Amino acid sequence: MRSHYCTQIDENDIGTEVTLCGWANSYRDHGGVIFIDLRDKSGLVQLVCDPVDSKEAHKVANEIRDEFVLIAKGKVRARGEGLENKNLKTGKIEVVVENLTVESKSEPLPFVINDPKVGEETRLKYRYLDLRKASSYETFRLRSKATIAARNILDANGFLEVETPILTKSTPEGARDYLVPSRVHGGEFYALPQSPQLFKQLLMVGGFDRYFQIAKCFRDEDLRADRQPEFTQIDLEMSFAGQEDVIKVSEDMLKAVFSACGISINIPFNRIPYHEAMEKYGSDKPDLRYDLAMVDVIDIFARCENEIFSNIAKNSHINRIKALKVPNGDNIFSKRQMKGFEDYVRKFGASGLGYFQLKEDGLKGPLAKFFSDADLEEIIKATDLKVGDVVFFGAGEKKLVLDYMGRFRIYLAELMEIIPDDVFEFVWVMDFPMFEVEDGRVKALHHPFTMPKDLDKENVEDIESIAYDIVLNGVELGGGSVRIHKPDIQEAVFKLLGISDEEAEEKFGFLVEALKYGAPPHAGLAFGLDRLMMLITKRSSIRDVIAFPKTQSAQCLLTQAPSPVANDQLRELSIRVRENKKA
């Protein structure tokens with residue numbers, strides 16, 4: 001229908017007849033001459049409807065309102081002297097309309113497009129209108145470029161794109177699966193995949209050597225700004241490959257993706273062991289755009305005269321006393337703020353928060369009286385304090401202290417506005433623990449198909465895995481590992497996880513059997529495409545980079561899903577819905 005997109009025409013096209021299609025972005029009547037800003041995916045161009053040039057087009061233009069869909073035919077001309085619009089790509093020209101067709105009318109919109117005050121619920125209910133914003137189109141243009149770049153570089157590296165099943169078997173973490181009832185197998189269910197993990201390992205057993213997929217995944221879990229019930233990941237797996245091979249391919253792919261989005265990044269990325277990340281930053285996804293690293297001072301506190309701290313320090317294998325220095329904090333924070341910091345960490349289980357201020361005449365603060373002058377000097381040296389600095393202390397059980405001090409670190413950085421928003425700081429977090437213990441139950445920290453470094457440790461939480469996460473600006477972009485390819489190791493891991501032989505056979509029998517038929521060493525990784533695009537486009541939520549996202553309560557406001565279904569459908573699926581009585 002069109003000869004050009006709106007912004008494809010410029011001064012070189014003056015005198016040329018063009019046909020343009022799009023939406024009426026705005027409408028102005030200047031004393032009989034009607035001006036319409038026509039909008040398409042490329043941008044805006046001004047249409048001029050003058051009765052002198054075309055009475056018929058002018059008559060049609062009189063009826064046009066915002067968001068009408070138009071087809072306009074006319075000639076390109078230069079704008080009059082002094083009438084150029086420097087804010088528009090097409091600001092030096094306009095199109096004099098000879099023929100104007102209204103292809104579709106629009107009722108008054110429920111909100112003004114591009115109005116920043118419109119609430120998210122309204123925008124999601126009318127998502128198709130929200131997508132008309134130029135910024136929305138640019139977001140999905142970049143997402144498309146990024147996806148194509150990832151495909152191209154993986155293809156160039158010998159990877160084969162393979163689609164794995166969407167209807168599959170429920171995993172041991174079944175409470176987080178989305179279940180799909182089977183009509184032909186009454187009372188039985190499929191599950192939507194949380195990841196293609198098992199299938200991509202089977203592809204390696206099948207000799208495919210290198211696999212990738214832009215994969216849809218599903219998790220029925222509590223949602224946050226960086227989570228959705230359905231999400232997309234760039235999934236890859238390699239045979240006869242180890243950790244270094246996966247990292248090399250991943251960094252090359254990320255460089256290509258960022259380049260496609262107009263951003264240059266440097267590789268290789270920095271690396272940090274999991275243990276160091278936790279001890280210094282209190283997080284396995286540390287934001288390294290700023291410092292504020294924690295220092296262990298438990299040995300110094302062991303000598304203090306405060307029994308609470310000295311008793312904590314006696315059990316250094318299970319407890320921590322961490323110091324967090326804030327440069328010039330004495331001149332930044334008020335006394336009221338300092339007291340409020342203790343309230344902040346208490347929300348995460350802390351029993352308190354100590355602090356010192358380094359003045360000209362030494363360390364000052366409520367805790368100073370419990371330390372000798374020599375130990376106060378040790379604290380200054382250990383934390384590298386300068387006059388005007390403040391140092392905060394958290395003490396208690398290891399996991400608790402690392403958690404709330406890590407959160408406190410981020411809170412302070414945001415409060416002081418020291419986090420640069422124009423920096424992309426990547427880091428690989430390496431050597432994750434294989435297992436964690438919660439409520440006396442052993443769980444896999446990543447997944448039970450991760451290769452352990454050594455299963456002979458006395459304490460199961462001391463066993464490390466060959467696993468690696470890629471983190472960008474404090475956000476986990478993806479995770480991967482070397483996989484178990486030997487059945488005896490896989491069976492040993494199942495036993496440590498408390499998975500019986502019967503349960504292992506029921507849940508993973510097909511995988512364990514496949515490993516017995518000559519499985520190659522293999523490794524892989526999966527990137528969260530939505531999170532990646534959220535960071536590239538500097539959005540605060542992945543909902544902004546998904547065309548039709550769900551709310552934080554996992555609802556689609558546009559289609560009103562989830563919704564009840566007819567009793568006939570339920571009966572056919574052998575399902576009866578229990579009435580949900582409200583309290």
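Residues numbered from 1 in each chain as written. Predicted model: local features only at pLDDT ≥ 70, side-chain atom pairs only at ≥ 80, totals over all residues. Heavy atoms only, no water.

## A look at a negative patch on the surface
- Together, Asp488, Glu491, Asp501 and Glu502 give the surface a local cluster of negative charge.
- Mapped onto the negative patch, the elements with two or more residues apiece are α14 (487–496) and α15 (501–515).
- We classify Asp501 as exposed; its relative accessible area is 54%. (Patch = residues over 30% accessible without salt bridge, like charges linked within 9 Å, V, L, I, M, F, W, Y side chains within 5 Å. Areas by Shrake-Rupley, 256 points an atom, 1.4 Å probe, with all protein chains shown as cover. Salt bridge = Lys/Arg side-chain N within 4 Å of Asp/Glu carboxyl O. Lys, Arg positive; Asp, Glu negative; His and termini not counted. Charge placed at Lys NZ, Arg CZ, Asp CG, Glu CD. Helix = DSSP H or I, 4+ residues; strand = E, 2+ residues; numbered from the N terminus. Buried < 20%, exposed > 50% of the residue type's maximum accessible area, 1.4 Å probe, protein only.)

## Some points on helix α5 (residues 197–205)
- Among all positions in α5, only Gln197, Leu198, Lys200, Gln201, Leu203 and Met204 are buried.
- At its buried positions, α5 is contacted by β9 (210–218), β10 (230–239), α15 and β22 (522–528).
- Residue Gly207 follows α5 closely and has a positive phi angle near 85 degrees. (Contact = heavy atoms within 4.5 Å.)

## Structural notes on the packing of α14 against α15
- Direction vectors running N to C along α14 and α15 enclose 160 degrees, while the axes themselves pass 11 Å from each other. In terms of orientation, α14 lies roughly antiparallel with respect to α15. Of the two possible hands of crossing, α14 and α15 adopt the one that is right-handed. Residues Pro487, Gln490, Glu491, Phe494 and Lys495 of α14 lie in contact with α15, whose contacting residues are Asp501, Ala504, Phe508, Val512 and Leu515.
- Classifying every residue of the contact of α14 with α15 by side-chain character gives six nonpolar, one polar and three charged. (Axes fitted to C-alpha atoms, helices over the stretch in contact; angles between N-to-C directions. Parallel < 35°, antiparallel > 145°, perpendicular 65-115°, else oblique. Left-handed = near helix turned anticlockwise from the far one by under 90°. Nonpolar A, V, L, I, M, F, W, Y, C, P; charged D, E, K, R; others polar.)

## Section: the pairing of strand β3 (residues 43–49)
- Of all seven residues in β3, seven are buried, a share of seventy percent or more.
- By the bridge criterion, seven bridges tie strand β2 (residues 33–40) to β3 in an arrangement that is antiparallel. Each bridged residue has a counterpart across the sheet, and for Asp40 the counterpart in β3 is Gly43.
- The antiparallel pairing of β2 with β3 creates a hairpin that spans two residues between the two strands.
- Bridge analysis of β3 against strand β5 (residues 93–104) gives two bridges, and the strand direction is parallel. Counterpart to Leu47 in the pairing with β5 is Val95. (Pairing = 2+ DSSP bridges.)

## A few points about the environment of Thr171
- Relative to the helices and strands, Thr171 resides in the loop between β6 (160–161) and β7 (179–181).
- As for Thr171 and Lys507, which are separated by 336 residues in sequence, their C-alpha atoms are 6.8 Å apart.
- Once residues lying within four places of it in the same chain are set aside, the contact partners of Thr171 are Asp177, Gln194 and Lys507.

## A closer look at the side chain of Asp177
- Considering the arrangement of structural elements, one finds Asp177 in the loop between β6 and β7.
- In this structure the side chain of Asp177 is engaged in a polar contact, spanning 2.8 Å, whose partner is the side chain of Ser170.
- A polar contact is formed between the side chain of Asp177 and the side chain of Gln194, at a distance of 2.7 Å.
- Not counting residues up to four positions away in its chain, the partners in contact with Asp177 are Ser170, Thr171, Ala191, Leu192, Gln194 and Asp220. (Polar contact = N/O pair within 3.5 Å; in protein donor to acceptor, adjacent residues only side chain to side chain.)

## So, empty space enclosed by the protein
- Scanning the model with the defined rule gives one cavity of 30 Å³ or more in all.
- Roughly 60 Å³ of internal volume is contained in the largest cavity.
- Lining the largest cavity, in full, are Thr164, Pro165, Ile166, Pro193, Ser195, Pro196, Phe199, Gln213, Ala215, Lys216 and Cys217.
- When residues of the lining of the largest cavity are assigned to their parent elements, the largest contribution, four residues, is made by β9. (1 Å grid on protein atoms, 1.4 Å probe; cavity = no way out; pocket = protein on both sides within 12 Å on 5 of 7 lines; lining within 4 Å. Points joined across faces, edges and corners; volume = space filled by probe spheres on them.)

Functional significance is not addressed by these values, which are geometric in nature.
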